[in-house]
Amino acid sequence: MTALSGRPVVGKIYSSNSQQNVAVAIAVVFFLNKIYDCVFIIGEIALYIYKGTFLPYEASDIGLEAALLALLVILDSLRFAFGAKGYLTQRLAALSLCLLLTPAVILIGIHVMIWQTYVMRIDYIFGAILVSFHALEFCLLLLASLMCMMRSTSSFDAR
């Protein structure tokens, strides 16, 4: 099977161009997610102030949700640091740590969407966007990790 240029359509699954494409895609998604995380955190703080003022919130409930928001900030900071280091240096350990932290952040996003004491429609929208970004990042990081593993096994085969 050939393309219009006469070159074969099916080529190597793993090449330096595919590594670069995945790294660029991860960089773009990380950049957009950092911006969205700032919007999300500011929006959730504003919503907690609104909910605490106008809804019958118990202090322990709003404290727990604020603690989860702080945990989200910490986990996302670690995730971004390990992820950026991992995809820039193509280190499997850093990518794996980022992959391990991503499901925890997704669970916090699901908590915002579904399991809060009072869930408003804007909470659901904020949480859905957060979970979507992190799911996309998870898929891209998984692909980058697989490429790193393929690179490391092919370098051992070449010896």
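Predicted model only: the values in this text are computed from it and were never measured.

This next bit is on the overall build of the protein. For the protein, the helix and strand inventory stands at 4 helices and 0 strands. Beginning at the N terminus, the succession of helices and strands in the protein can be written as α-α-α-α. Counting over 159 residues, the protein shows a buried share of 35%. For the protein, restricting intrachain contacts to residue pairs at least 6 apart in sequence, the fraction spanning at least 24 positions comes to 73%. Accessible area for the protein stands at about 9,500 Å²; split by element, carbon and sulfur atoms hold 72% of it.

This brings us to the environment of Leu47. With respect to the helices, strands and loops of the structure, Leu47 is situated in helix α1 (residues 16-54). The class for Leu47 is buried, based on a relative accessible area of 11%. Between the C-alpha atoms of Leu47 and Asp123, which are 76 residues apart in sequence, the distance is 8.1 Å. For Leu47, the contacting residues outside a window of four places in its chain are Met120, Ile122, Asp123 and Phe126.

With respect to the secondary-structure elements, Cys98 resides in helix α3 (residues 92-115). Beyond its immediate sequence surroundings of up to four residues, Cys98 is in contact with Phe30, Arg79, Phe82, Gly83 and Leu141.

Residues Val24, Val28, Phe31, Leu32, Ile35 and Val39 make up a contiguous nonpolar surface patch of roughly 530 Å² in combined accessible area. Tracing the chain through its elements places Val39 in helix α1. Accessibility expressed as a relative area gives 43% for Val39, which makes it partly exposed.

All right, on to the side chain of Glu44 then. Tracing the sequence through the fold places Glu44 in helix α1. Notably, Glu44 is buried but unbridged: the nearest opposite-charge side chain belongs to Lys51, and the N-O separation is 5.2 Å. In contact with Glu44, not counting residues within four places along its chain, are Leu69, Val112, Gln116, Asp123 and Phe126.

Bringing the nonpolar core into the picture now. With 15 residues, the main nonpolar core has Val22, Ile26, Phe30, Tyr87, Leu95, Leu141 and Ala144 as its most contacted residues. Only α1, α2 (59-89), α3 and α4 (121-158) provide two or more residues apiece to this core. In terms of residue count, the dominant contributor to this core is α4 (5 residues). Among residues more than four places away in sequence, those in contact with Ile26 are Tyr87, Leu140, Leu141 and Ala144. If you look at the next biggest cluster of nonpolar residues, it comprises 13 residues, including Tyr36, Phe40, Phe126 and Leu130.

Along the polypeptide, His111 turns up in helix α3. Under the relative-accessibility criterion, His111 is labelled buried at 14%. Aside from chain neighbours lying at most four places away, what touches His111 is Glu65, Leu68 and Gln116.

Rules used throughout
The residue numbering used here restarts from 1 in each chain and proceeds along that chain's sequence as written. Only residues with pLDDT of 70 or above have their local features reported here, since the model is predicted, and side-chain atom pairs are shown and tallied only from 80 upward, although totals for entire chains, interfaces and linings are computed over all residues. Calculated side-chain values reflect all of the structure's heavy atoms, with hydrogen atoms and water omitted. The way it works is that DSSP assigns letters per residue, a run of H or I at least four long becomes a helix, a run of E at least two long becomes a strand, and they are numbered from the N terminus. Partly exposed describes any residue whose relative accessible area lies between the buried limit of under 20% and the exposed limit of over 50%, with all areas from a 1.4 Å probe on protein chains only and scaled to the type maximum. By the convention used here, residues are in contact when the closest approach between their heavy atoms is within 4.5 Å. Exposure was quantified through the Shrake-Rupley algorithm and a 1.4 Å probe, taking into account, for residues, occlusion by the shown protein chains and nothing else. For patches, a residue must show more than 30% relative accessible area and have no salt bridge; joins then use 9 Å for like charges and 5 Å for nonpolar side chains, namely Val, Leu, Ile, Met, Phe, Trp and Tyr. By definition, a salt bridge exists where a carboxyl oxygen of Asp or Glu is found within 4 Å of a side-chain nitrogen of Lys or Arg. Under the convention used here, Asp and Glu are negative, Lys and Arg are positive, and both His and the chain ends fall outside the count. We call a set of buried residues a nonpolar core when its members are Ala, Val, Leu, Ile, Met, Phe, Trp, Tyr or Cys and they connect through side-chain atoms within 4.5 Å of each other.

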